[in-house]
Amino acid sequence: MSAVLLVSTFIALVSLGNAVKLPSAFTRCNPADEQCIIQAISNTFQKYTTGLPQLGLASLDPLRIDEMDIVQGEGPVNIELNFKNVDIIGFKDVIVKKAKGFTANPNVMEINLEVPLASLVGDYKIKGKVLILPIQGEGVSNLTMANCNFVMKWNGALQKRSDGKEYYQMNKIKATLDTTRFYTELTNLFNGDKALGENMNMFLNENWQDILKELKPAIISSFAKVFRAIITNVFDNVPYNELFLP
């Protein structure tokens, strides 16, 4: 069984039902003006870090994930890893590298984000085996990725609603993730045995490439679900043409 991840109520999103207007400070561009759109997305992360009430968006940094489960049943990493009250920290420093497909008649869209340090911090519980070693514990975790490069690509189409306006409906989304380093810190491993816990954390960080290879599908799925929710909430509540200059 490959890595499986479940995320529930990971961000406080509100389906507003009716069209809403974006804040006056929201950066608008001409359709397909990639450089302007890149800047607009960057401005959104920087200006609305604490959220955007008009769209029902909670904080963008930290981003809260209430529950996240990683179950890896085969291969060198065989674990059940449960997270609760996890915050994703670092997206206020995001660098938008690419934003394609935001045209007047959109179909496929793509965004490339780069984050210097992206951390997942919260409560965890783990049991299983990592490479050749058994692992178990329950405490606070900090998983940090350096130079995190995240690419999302999705398709969709405009759909007219009862209000006579067209909204972009997102369909399937695919994502990739690369990082130059993956750091792990798990407190209270092995029922608080300090020596065993320190040795296991050292082992995890020395073998980060092998471990990340196994966990990457689940981490990608987590990030994709969070950002799908953010993007969909904007598209669901704002008519597509109102996202751009008239």
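Scroll up to find the structure this text is about.
Residues numbered from 1 in each chain as written. Predicted model: local features only at pLDDT ≥ 70, side-chain atom pairs only at ≥ 80, totals over all residues. Heavy atoms only, no water.

J.: Is there a simple way to explain the packing of aromatic side chains in this structure?
T.: Here a ring pair, both rings aromatic, is described through the centre-centre distance and the interplanar angle of the planes. Applying the stated rule across the entire model yields nine aromatic pairs. With 6.2 Å between their ring centres and 50° between their planes, Phe45 and Phe227 make a pair best called tilted. Remark: Phe227 occurs in helix α3 (residues 208–237) and Phe45 occurs in helix α1 (residues 34–47); sequence separation between them is 182 residues. Relative accessible area serves as the criterion here: at 9%, Phe45 is assigned to the buried category. Here the aromatic cluster, defined as three or more aromatic residues joined through ring pairs, consists of Phe45, Phe91, Phe150 and Phe227. Over the ring of Tyr167 we find Arg161; its NZ or CZ atom is 3.7 Å from the centre of that ring. When the ring centre of Tyr183 is taken as origin, the NZ or CZ atom of Arg181, which lies over that ring, is 4.5 Å away. (Phe/Tyr/Trp six-rings, centres within 6.5 Å; stacked < 30°, edge-to-face > 60°. Helix = DSSP H or I, 4+ residues; strand = E, 2+ residues; numbered from the N terminus. Buried < 20%, exposed > 50% of the residue type's maximum accessible area, 1.4 Å probe, protein only. Lys NZ or Arg CZ within 6 Å of the ring centre and 35° of its normal.)

J.: Help me understand the side chain of Asn237, please; the structure alone is not making it clear to me.
T.: Topologically, Asn237 is positioned in helix α3. Judged by relative accessible area, which is 2%, Asn237 ranks as buried. Here Asn233 takes part through its backbone oxygen, which lies 2.7 Å from a polar atom of the side chain of Asn237. (Polar contact = N/O pair within 3.5 Å; in protein donor to acceptor, adjacent residues only side chain to side chain.)

J.: Any chance you could explain unusual backbone geometry here in plain terms?
T.: Most peptide bonds are trans, and most residues other than glycine sit at a negative phi. Of note, the amide linkage connecting Asp61 to Pro62 takes the cis form, showing an omega dihedral of 10°. You can see Pro62 is positioned in the loop between α1 and β2 (63–72). Positive phi values are uncommon outside glycine, yet Leu131 reaches one of about 55°. On the secondary structure map, Leu131 appears in the loop between β5 (108–130) and β6 (133–160). Backbone geometry at Asn147 places phi at a positive 50°, although glycine is not the residue there. Residue placement: Asn147 occurs in strand β6. Residue Asn147 is classed as partly exposed on the basis of its relative accessible area of 41%.

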